[in-house]
Amino acid sequence: MTDSRFEAIIVGAGQSGPFLAARMAERGQRVAVIEKRWLGGTCVNDGCIPTKTLVASARAAWVARNAARWGVTIGGPVGVDLAAVKARKDRIVAESRGNLAKWLGGLASLEVIEGEARFVDPHTLRVGDREVTGDKIFLNTGARPVIPRLPGLSDAGYLTSESIMELDVLPAHLVVLGGSYIGLEFAQMYRRFGAAVTVIERGDRLIPREDPDISAELAAILTGEGVDVVCGAEATAVTGGRGDVRVELTVAGAPRTVAGSHLLVAVGRAPFTAGLGLDAAGVALDARGYITTDDRLVTSVPHIWALGDVNGRGGFTHTSYDDFQIVAANLLDGADRRVSERIPIYGVYTDPPLGRCGMTATEARASGRRVLIGKRAMARVGRARERDETAGSIQILVDADSREVLGATILGIEGDEAIHAVVDIMYADVPYTVLQRAVHAHPTVSELLPTVLDALEPLEGTHEPARRPLGFAPGGR
Ligand SMILES: Cc1cc2nc3c(=O)[nH]c(=O)nc-3n(C[C@H](O)[C@H](O)[C@H](O)COP(=O)(O)OP(=O)(O)OC[C@H]3O[C@@H](n4cnc5c(N)ncnc54)[C@H](O)[C@@H]3O)c2cc1C
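On a predicted model such as this, the values are computed, not experimentally measured, just so you know.

**Student:** Got a minute to help me understand the packing of helix α3 (residues 48-65) against helix α5 (residues 181-193) in this structure?
**Tutor:** What describes two packed helices is the angle between their axes and the distance between those same axes. One can describe the packing of α3 onto α5 by two numbers: an axis separation of 8 Å at closest approach and a directional angle of 40 degrees. In terms of their interaxial angle, α3 and α5 are classed as oblique. When the axes of α3 and α5 are compared, the crossing they make is left-handed. On the side of α3, the interface is formed by Thr51, Lys52, Leu54, Val55, Ser57, Ala58, Arg59, Ala61, Trp62 and Arg65, while α5 contributes Glu185, Phe186, Met189, Arg192 and Phe193.

Structure follows, in structure tokens:
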């Protein structure tokens, strides 16, 4: 296919672009997908898929090392062959990327163009020495790791979430700058592989966007495995390099140095818009640098859409994929779907994982509602006790007046799966009593969700004293 006029051009083959391209091509539309690196983008190549394969290897090492807990004997020390771990990860990533290439390659009216796209004018993009024009253009260019401006950092041979996954020799001591979702997955994983690990977090606690009690529970899990955590720490400089790296900090006003062999920088991600030439198309950015979109993901230019991390409305694979579903439904199926209908949900894939949906308790307090909370420690969940993995808790928030479920946090085994029962009840937009009366299979974590809802109490700071909602029946189902 050499004609350079397309009905649709997709820039970036992340978690929405290829699916949208395929839907359009299946309708017979002429579609181009332009990708400057690898099909599948971050999730397939540098994000979810590779990290979760590594988390699985790390868990296997942890189970083997702790086998005696379950009465299992391992006849010798447990070792981790990082080269073999990486080879397994590379194989699974290559399979996923290959399957995507095969699928897209099999669609007759779809052309994959390799190279970096840059706007020449609102309908034209340049890729290498070729110019392509599109009636509609969809930007799915994703995000990249943020590298802070720290004296000495650029000479320190630091790792990012991308380059750390190329290591095939175990670091002696991994220092992780950033105690949020990505940093903590790598911290626990490398500790389980056998490295010493120190996490440095600027905030006064890990994963500061979660409720303080959840941060504390997760910190206890990680420190219990031997991860050092330094919070309230402002990094001021980096000295040395790969093999002997030192991070200079100010902690509570006092200087401190954390030394290690490798430094992972995991302080956040920023939208990937550099080099796109958005000015030439008139596409507007918000104050944080994300592409501005309306509720249907249309940018400031009516024939250009932005999907996935680059629009700042999600930051996850499932939100990017949902962006595709919204745009496809609106353009191809005559629907009127909007991003604002989406309920926030995500997992943090430490072990045990954190499953989250809807509001945190902090957000519920700020909402001005009267809120009820149901809590249960994982130590009181049969499944967790049988597995002898009892860290964490279940928490569900309910509006005391409307009886709608506002959100939930499940930190503990299967928390990333059990959370979906809660989000589904939120999508169904029915009172919490529907979930309270549901019968779930035994023995699971999900079977305790109705029981948690049997024991709702006022969330501190959201009620007048001793006021209870209508229809509240403690202990009853
Ligand atoms: C370490 C890590 C772990 C993660 N784990 C999870 C997880 O467990 N669950 C989860 O939901 N999310 C996770 N994420 C986030 C998830 O990977 C992203 O949200 C997801 O990939 C969606 O990205 P996207 O569709 O916006 O674009 P991306 O997947 O980032 O793809 C964008 C593509 O655009 C290409 N591109 C950019 N500019 C141009 C240009 N000018 N021309 C041509 N091509 C261009 C890029 O090369 C890239 O391939 C993780 C991220 C990281 C970094």
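**Student:** Would you mind going over the site of the ligand with me for this structure?
**Tutor:** Close to the ligand lie 37 residues, the nearest being Glu35, Thr42, Lys52, Asp309 and Ser320. Contacts to the ligand include Lys36, whose backbone N or O atom sits 3.2 Å from a nitrogen atom. With respect to the ligand, the backbone of Cys43 contributes an N or O atom lying 3.1 Å from an oxygen atom. Here the ligand has 1000 Å² of accessible area as a free molecule, and 94% of this is covered by the chains. Going through the elements one at a time, β2 (31-35), α2 (41-45), α3 and α8 (317-332) are the ones with two or more residues in the shell around the ligand. Taken together, the residues of the shell around the ligand break down into twelve nonpolar, 17 polar and eight charged.

**Student:** Can you walk me through the environment of Val371 in this structure?
**Tutor:** Residue position: Val371 is located in strand β19 (residues 371-377). In this structure the C-alpha to C-alpha distance between Val371 and Ala335, which are 36 residues apart in sequence, comes to 34 Å. Setting aside residues up to four positions removed in sequence, Val371 forms contacts with Ala364, Leu397, Val398, Ala400, Leu406, Glu457, Pro458, Leu459, Thr462 and His463.

**Student:** Explanation requested: the sheet that holds strand β9 (residues 196-200) in the structure shown.
**Tutor:** Note on sheets: strands pair through backbone hydrogen bonds, and any given pair is parallel or antiparallel. Within the open sheet, the four strands sit side by side as β10-β9-β8-β14. Their pairing is parallel. Sheet topology places β10 (228-230) and β14 (262-265) at the edges, where each strand pairs with a single neighbour. With direction set aside, neighbouring strand axes in the sheet form an average angle of 20 degrees. Where strand β8 (residues 173-177) and β14 come together, four bridges link them in parallel fashion. Bridging from a neighbouring strand, Val176 pairs with Leu264 of β14. Packing against the sheet, α5 makes contact with β8, β9 and β14, and its axis sits at approximately 165 degrees to β9.

Conventions used here
Residues numbered from 1 in each chain as written. Predicted model: local features only at pLDDT ≥ 70, side-chain atom pairs only at ≥ 80, totals over all residues. Heavy atoms only, no water. Axes fitted to C-alpha atoms, helices over the stretch in contact; angles between N-to-C directions. Helix = DSSP H or I, 4+ residues; strand = E, 2+ residues; numbered from the N terminus. Parallel < 35°, antiparallel > 145°, perpendicular 65-115°, else oblique. Left-handed = near helix turned anticlockwise from the far one by under 90°. Contact = heavy atoms within 4.5 Å. Near = heavy atom within 4 Å. Polar contact = N/O pair within 3.5 Å; in protein donor to acceptor, adjacent residues only side chain to side chain. Areas by Shrake-Rupley, 256 points an atom, 1.4 Å probe, with all protein chains shown as cover. Nonpolar A, V, L, I, M, F, W, Y, C, P; charged D, E, K, R; others polar. Pairing = 2+ DSSP bridges.

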